[in-house]
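Structural characterization, general
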Amino acid sequence: MPPILELKGITKQFPGVLANDHINLTLEKGEILALLGENGAGKTTLMNILYGLYKPDEGEIFIDGEKIEISGPIDAIRAGIGMVHQHFMLIPVFTVTENVMLGEESVNFGGVLNPDDAAKKIKAIGELYGLKVDPNAKVGDLPVGVQQRVEIIKLLYRNARILIFDEPTAVLTPQEADELFEIMRSLTKQGKSIIFITHKLREVLEFSDRIMVIQRGKVVGETHPHEASQEKLAEMMVGRAVDLIPDKKKIQAGETVLKVDNLVVADGTRKITVHGVSFSVHAGEILGVAGVQGNGQTELEEALTGMREPVSGTIRILGKEVPKVKPREFVENKGAHIPEDRQRDGLILNFTVEDNLMLCTYYQPPFSQNHILNREAIRDHARKLITNFDIRPPEPLLPVASLSGGNQQKVIVARELSRDNKLIVASQPTRGLDVGSIEYIHDQLLKSREEGCGILLISSELDEIMELSDRIIVMYKGNITLMTETEKTTKSEVGLHMAGAGNSMSEKSENVAVQAGR
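What counts as what
- Residues numbered from 1 in each chain as written.
- Predicted model: local features only at pLDDT ≥ 70, side-chain atom pairs only at ≥ 80, totals over all residues.
- Heavy atoms only, no water.
- Axes fitted to C-alpha atoms, helices over the stretch in contact; angles between N-to-C directions.
- Helix = DSSP H or I, 4+ residues; strand = E, 2+ residues; numbered from the N terminus.
- Parallel < 35°, antiparallel > 145°, perpendicular 65-115°, else oblique.
- Contact = heavy atoms within 4.5 Å.
- pLDDT = per-residue confidence, 0-100.
- Disulfide = S-S within 2.5 Å.
- Pairing = 2+ DSSP bridges.
- Buried < 20%, exposed > 50% of the residue type's maximum accessible area, 1.4 Å probe, protein only.
- Lys, Arg positive; Asp, Glu negative; His and termini not counted.
- Salt bridge = Lys/Arg side-chain N within 4 Å of Asp/Glu carboxyl O.
- Polar contact = N/O pair within 3.5 Å; in protein donor to acceptor, adjacent residues only side chain to side chain.

Further remarks concern the packing of helix α4 (residues 115-129) against helix α5 (residues 144-157). Packed helix pairs are specified by the crossing angle of their axes together with the interaxial distance, meaning the distance between the axes. Remark: α4 packs on α5, axes separated minimally by 10 Å, with the N-to-C direction vectors making an angle of 105 degrees. One finds that α4 runs roughly perpendicular with respect to α5. Here Ala118, Lys121, Ile122, Ile125 and Tyr129 of α4 come into contact with α5, specifically with Ile153, Leu156 and Tyr157.

In the predicted model, the protein chain carries a mean pLDDT of 89, and 95% of its residues have values of at least 70. The low-confidence segment residues 504-518 (pLDDT under 50) makes 22 contacts with residues lying over four places distant or belonging to another chain.

A few words on the state of the cysteines. Applying the stated rule across the entire model yields zero disulfides. Cys453 forms no disulfide, and the closest cysteine sulfur to it belongs to Cys360, at a distance of 14 Å.

This brings us to the pairing of strand β14 (residues 312-317). Judged from the five bridges that link them, strand β11 (residues 256-266) and β14 form a sheet pairing that is antiparallel. Within the sheet, the bridge partner assigned to Asp261 lies in β14 and is Thr314. Strand direction decides the pairing type here: β14 and strand β15 (residues 320-321), joined by two bridges, are antiparallel. Each residue of the ladder has a partner; that of Ile317, found in β15, is Lys320.

Turning next to the side chain of Ser368. Tracing the chain through its elements places Ser368 in strand β17 (residues 368-369). Exposure remark for Ser368: the relative accessible area of 10% places this residue in the buried category.

Before going further, it helps to examine the side chain of Lys410. Position of Lys410 relative to the elements: it lies in helix α14 (residues 405-417). This buried residue, Lys410, is left without a salt bridge; Asp390 holds the nearest opposite charge, at 4.0 Å. At 2.8 Å, the side chain of Lys410 and the backbone oxygen of Asp390 are in polar contact. For Lys410, the residues in contact, after removing those within four places along its chain, are Asn39, Phe389, Asp390, Ile391 and Ser437.

Okay, here's the thing in structure tokens:
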């Protein structure tokens, strides 16, 4: 019996880079195949070819042993192929039903939309695969994990048999990730087949049936979870041994570089999401902010870096009170910012890589003199950072939108960490990155710490918080529920506070927030 999917000799070249070099891949019915590789290795390109977003220069695609031509996503969908992209393709103001049926609308005989039939089908799919979601809920109001369920339902609604997941847990909490893999197992038991792209090696070893590794556009090996280890997989991906645990030296913290007192912040709907929090960051230390996404970390990050005006409270940077932080002022006060949403807040997607690499300082020498950009200096700067941070493809004039998500993140990190900083606010700095890039960025953060920089690290990756931080605070529903030194706590204790167990510090801050709201 032939495999449900077979790719033979898939080759794709872009200007200056061979993204896929005669790749062969097979997928069996009911199998979960993990696709590993560094950022820019060619994984997403290969899946985009399978889904019809790119046309291969060479190669063939077979479904159930029969050769097919895929000229676009419609052909892929008709062949039973569906893809959940790293950045969700949902319309926030639409309901779940409206998003799911978009492009495949259910209509009555008179041509009138019939969302009730679609809602019934969505409920049936949810019950069959453990994907329960309210069909009438507005997508923008749903947690990220539930939005991902909607994306999966969209595929099943269109009778997809082969499901592609591109970094499926990049924006999920550990609990949501575990739920997702339970759903994936449920899907395979019903005869679906899954390819998932990820950089999280623990997930690969726990949940995949087979592992395939791509390096610089070529398949460099296949293995099975029982034959592999995280260290072995990391070496296959990168081509060298990788330190999975960062080397954090013990150093003495210095002066206070950031002090926050009774800070209250509201979201875009004027709902208070940060309830009177107080903390400080010192030179030469990393203060980790742990918490399930959506507990006020985003609004805190935005208030500290000038992207959102607080309701009340004080912010002091380098000892100076800043009544209203502005992004440019934050940078000029020797601040660096790695934002949570790289595409919305960290990049101008239609600008080139070299222009994105000097966005914060374009008006300063050597990039600008007498209001005229110095293109030679800009390009020299870009080439240096592209080499140092291994941005792929290494082409300064490419629009940054054409880069993979991980390489887009490298552009931001390169721009921000290459300056002379005293304070770094880093939110999800390694989201979507491969193990080699994570190792490099962790080393860069620790290097900045050793040079006397104070770092506020906001991350949903608990391992990252525990490994890098000197002190940890946990945020739950906009309150700080735990503040401790890392060596005096455990992952279990931090995890319990992330889930809301232990509100010892929150009652006082809640009262402050209520008074500020009045």
